[in-house]
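Residue-level structural notes
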Amino acid sequence: MEVDAIVKKMTLEEKAHIVEGVGFWWTQDFPELSVPKIQVSDGPHGLRKMDIVPGKEEMSTITAVCFPAACATACSFDTELMEEMGHDLGKECQAEDVAVLLGPAVNIKRSPLCGRNFEYISEDPYVAGKMSTAMIRGVQAEGIGTSIKHFAANNQEYERMYSSAEVDERTLREIYLPAFEMAIKEAQPWTVMCSYNKINGVYSSENPWLLKQVLRDEWGFDGLVMSDWGAVGDRVKGVAAGLDLEMPGSNGTNVKRICKAVQDGTLSEEDLDTAVTNVLRLIDRFYAAKHEETFVREADHAKAADVARECIVLLKNDGKVLPLSGEEKVALIGGFAENPRYQGGGSSHIESFRVVSALSLAERYGSFTYNRGFSDTKDEIEEELQTEALAAAGEADKIVVFAGLPESFESESYDREHMQLPACQNHLIEQLIKTGKPVVVVLHNGAPVELPWADSVAGIVEAYLGGEGVGEAVMDVLYGKVNPSGKLAESFPIKLSDNPSYLNFPGAAHKINYAEGLFVGYRYYDTKQMAVRFPFGYGLSYTEFRYSNLRVSRESFTAEEGVTVSVDVTNIGDRAGKEIVQLYVADRTGSTIRPVHELKGFCKLALEPGETKTAQFVLDKRAFAWYDVEQGDWYAANGAYTIEVGRSSRDIEYTVEVRIIGSKEKPPLIDMDVQLGELLGSPYTREFTLELIKKYLSRFGPENGEVDAMTEAVIRFMPIHSMRSFMPITNEEIEEICEALKKHVESQL
């Protein structure tokens, strides 16, 4: 397709038409210009394609394969697995003529209550960035576009179409933007979907700082920006700001507005042409890569079950209650054993090909009984069900309870009201504990829940929303056919009020105050040394791993050089297993306020019994840097950093100290308000300032010219303009001092 030539041929009205969607899922076509339409589809963990019912004027969702949701896949910490899943999804899209899969979703899990957390990856931007990058690579390798979403700071469903995320730039740069940045720089998604909400008072769809300066100028994004469905307020402002495609369209209303704006000069046709060009390039990109593909649902179901096996997290295993033995009599209790909760509600909801329950497979594994025990759709104690379950439990060797959140508790469009499981489930679990039999709880949920009985049960298995093959995966883990290897990609607080966003979620007066700043998830809990139910990165195995021989390629280096870190891991147990090695960096320089440590690397190793492998991490400048708003750039201060390697954020096995050298020290901002302590603390200005203070102190007499430690402590927080109140100095002299300091600093930079 000759894109530039087509743009030149198009009338103003045609241009205004092509930058808005048609129907709900298509772009506009222009046969007379040889421009076909393309279809996009909801994702990100399955194909939610809407298709026309033959012989009827209505739409239905096709039957597809539901892979595990992001809350689960994140726990695999397996980028190769995510890329493979991406390939499968891309092939499905090719087979179904879908040009763009709407995902992955990388918004940060700021609060456990966000109704869409099941679709998001992590509370940690590094994990979200690495896992989404891998998925994007897989999908796009099949000639299908992705739409990384929701750009940006969309971390709740409450008032998501109107509220303003009030968040400082450093927090945006370090927490809420890095996953997008990494994926865009490393995988170049074909499209980016901007979010509904405002950021500091400006809608994402009308935000030139976000869509032009950051996304395109700084990160080099060269694809298309589309709106979330119905996220456009002022379409003319959106075109000027860099929003290329409005979805699902405005039924022509905004076509007229765009044409009028170009005609009266309030919108440049150049900006409109840019949007048109990006739409045409997306269409051309799809057709250039289009090829024959077959959607084999049976094969993809098997792959979905394989993915689920890698995602399950073993949270507790007292007395090695797991794995279960085929000789044991097991009581299966809970409706999720029969009808598993395996996906979330809303735009990612899949018409699944085949959902396999744990109950349907139980006979293959051993002797069991089954009782519902409690409703899996509502929170209501049903005495008859409870009595039957307790009776069955009394005859069993071990009890496995399938608990979790009913589908109505978690969905797009609304947030959870609390972090609790249904009371009927907690009540029965407490009663089962009183039987004295070992109780194992399998959780089906899309986000953390409070677990008041956690200390009393023998085992906890976190299955999350594991897709349509979750029953197969859970049974394989319970009976030891699969050694669990997942680890939590989010912290489990003991109670909701422990969460750092608790006092500011969901907000008030249409504003959400991100008052916790950088301290999201483990960055808060670990820095505050707060007890949690389960820490970030935590997960058990049926085998054991020993760490040894931590080493670094150099102990002192420039930020640009970086460092390579290696550690050996040995499987010292009696069965094969996989260990997720995590690397955290702690800044000891004191250059600014930072979390106690931050994840900067992870590696998943598959190890046979007795086998040793090496996990290796390459740390660049960003692994040590923080975003300095004053400089408008990432800054890694000279000084000491601790590299921590371990099993979770709370289980650090080894540490080593390294030093960054050669970074330009940050000079103080010279004005009338600069504090003397800032000047004395900077290598650029210390000696100059000492001589200055001595000069003016000496006016009191020769014996007053020295600056001892006490004097320095006293004047540390004194602005330079305050010198006139304590020293014989004039305003004119202070102004001269400031100018001299500026020149002195400039001469050294």
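This text follows the structure it describes.
What this report covers is the structure whose coordinates are included nearby. (Residues numbered from 1 in each chain as written. Predicted model: local features only at pLDDT ≥ 70, side-chain atom pairs only at ≥ 80, totals over all residues. Heavy atoms only, no water.)

1. As for the sheet that holds strand 21 (residues 556-557)
Note on sheets: strands pair through backbone hydrogen bonds, and any given pair is parallel or antiparallel. The strand order 21-29-28-23-24 describes an open sheet built from five strands, whose pairing is mixed. With one partner strand each, in any of the chains shown, strand 21 and strand 24 (598-607) form the two edges of the open sheet. Looking at chain direction, strand 28 (residues 639-648) and strand 29 (residues 651-660) are connected through nine bridges and run antiparallel. Across the sheet, the residue bridging to tyrosine 641 is valine 658, located in strand 29. (Pairing = 2+ DSSP bridges. Helix = DSSP H or I, 4+ residues; strand = E, 2+ residues; numbered from the N terminus.)

2. Describing the side chain of serine 163
Within the secondary structure, serine 163 sits in the loop between strand 6 (145-151) and strand 7 (164-166). Each residue touching serine 163, except ones within four places of it in the same chain, is listed here: Tyr158, Asn197, Lys198, His510 and Ile512. (Contact = heavy atoms within 4.5 Å.)

3. A few points about helix 12 (residues 297-311)
Because each turn of an α-helix spans 3.6 residues, side chains separated by three or four positions end up pointing in the same direction. With 15 residues, helix 12 ought to run about 21 Å at 1.5 Å a step, and its terminal C-alpha atoms sit 21 Å apart, in line with that. Among the residues making up helix 12, those that are buried are Asp300, His301, Ala304, Ala305, Val307, Ala308, Arg309, Glu310 and Cys311. Where helix 12 is buried, its residues touch helix 3 (70-73), helix 4 (79-95), strand 12 (313-317), helix 16 (470-478), strand 23 (577-587) and strand 24. (Expected span 1.5 Å × (residues − 1). Buried < 20%, exposed > 50% of the residue type's maximum accessible area, 1.4 Å probe, protein only.)

4. Some thoughts on the pairing of strand 17 (residues 439-444)
When you tally the buried positions in strand 17, you get six out of six residues, the bulk of the element. Here strand 16 (residues 398-404) runs beside strand 17; their pairing, made up of six bridges, is parallel. Note on strand 17: the bridge partner recorded for valine 400 is valine 440. Taking the sense of rotation as the criterion, the β-α-β connection linking strand 16, helix 15 (residues 423-433) and strand 17 turns out right-handed. Strand direction decides the pairing type here: strand 17 and strand 18 (residues 459-462), joined by four bridges, are parallel. Among the inter-strand pairings, valine 440 is bridged to a residue of strand 18, identified as glycine 459. (Right-handed = clockwise from strand over helix to strand, strands pointing away.)

5. Things to note about the side chain of aspartate 244
Mapped onto the elements of the fold, aspartate 244 is located in the loop between helix 9 (235-241) and helix 10 (253-263). In this structure the side chain of aspartate 244 is engaged in a polar contact, spanning 3.0 Å, whose partner is the side chain of arginine 216. When near neighbours in sequence (up to four residues on either side) are disregarded, aspartate 244 contacts Val19, Arg216, Gly223, Leu224, Val225, Arg235, Thr274, Ala275, Asn278 and Val279. (Polar contact = N/O pair within 3.5 Å; in protein donor to acceptor, adjacent residues only side chain to side chain.)

6. What about the packing of aromatic side chains?
For the structure on display, the rule yields 19 aromatic pairs. Both rings, one in phenylalanine 624 and one in tyrosine 641, keep their centres 5.2 Å apart while their planes meet at 75 degrees; by these two values the pair is edge-to-face. Highlighted residues: phenylalanine 624 in the loop between strand 25 (612-619) and strand 26 (626-628) and tyrosine 641 in strand 28, separated in sequence by 17 residues. Classification of tyrosine 641 as buried rests on a relative accessible area of 0%. Both rings, one in tryptophan 626 and one in tyrosine 635, keep their centres 5.8 Å apart while their planes meet at 85 degrees; by these two values the pair is edge-to-face. With relative accessibility at 5%, the residue tryptophan 626 sits in the buried group. On the accessibility criterion, tyrosine 635 (8% relative accessible area) is buried. In this structure, arginine 110 is placed above the aromatic ring of tyrosine 514, and the distance from its NZ or CZ to the ring centre is 4.1 Å. Taking the ring centre of phenylalanine 295 as reference, the NZ or CZ of arginine 297 above it sits at 3.9 Å. (Phe/Tyr/Trp six-rings, centres within 6.5 Å; stacked < 30°, edge-to-face > 60°. Lys NZ or Arg CZ within 6 Å of the ring centre and 35° of its normal.)

7. Remarks on the pattern of salt bridges
Summed over the entire model, instances satisfying the criterion amount to 50 salt bridges. With a closest N to O distance of 3.0 Å, arginine 216 and aspartate 244 form a salt bridge. Here aspartate 244 lies in the loop between helix 9 and helix 10 and arginine 216 lies in helix 8 (residues 208-218), a separation of 28 residues in the sequence. Through salt bridges that share partners, Arg116, Glu119, Lys149, Glu157, Arg160 and Glu412 make up one connected network. (Salt bridge = Lys/Arg side-chain N within 4 Å of Asp/Glu carboxyl O.)

8. Focus on the environment of glutamate 388
Along the chain, glutamate 388 turns up in helix 14 (residues 383-394). Residue glutamate 388 is classed as partly exposed on the basis of its relative accessible area of 37%.

9. What about unusual backbone geometry?
Along the chain, glycine 43 connects to proline 44 via a cis peptide bond; the corresponding omega equals 0 degrees. By secondary structure assignment, the location of proline 44 is in the loop between strand 1 (40-42) and strand 2 (50-52). A cis amide bond links methionine 247 with the next residue in sequence, proline 248, at an omega value of 0 degrees. In this structure, proline 248 sits in the loop between helix 9 and helix 10. Here glutamine 188, not a glycine, exhibits a phi torsion of approximately 45 degrees, which is positive. The phi torsion at asparagine 251 lies on the positive side, around 55 degrees, for a residue other than glycine. With respect to the helices and strands, asparagine 251 occurs in the loop between helix 9 and helix 10. Under the relative-accessibility criterion, asparagine 251 is labelled exposed at 82%.

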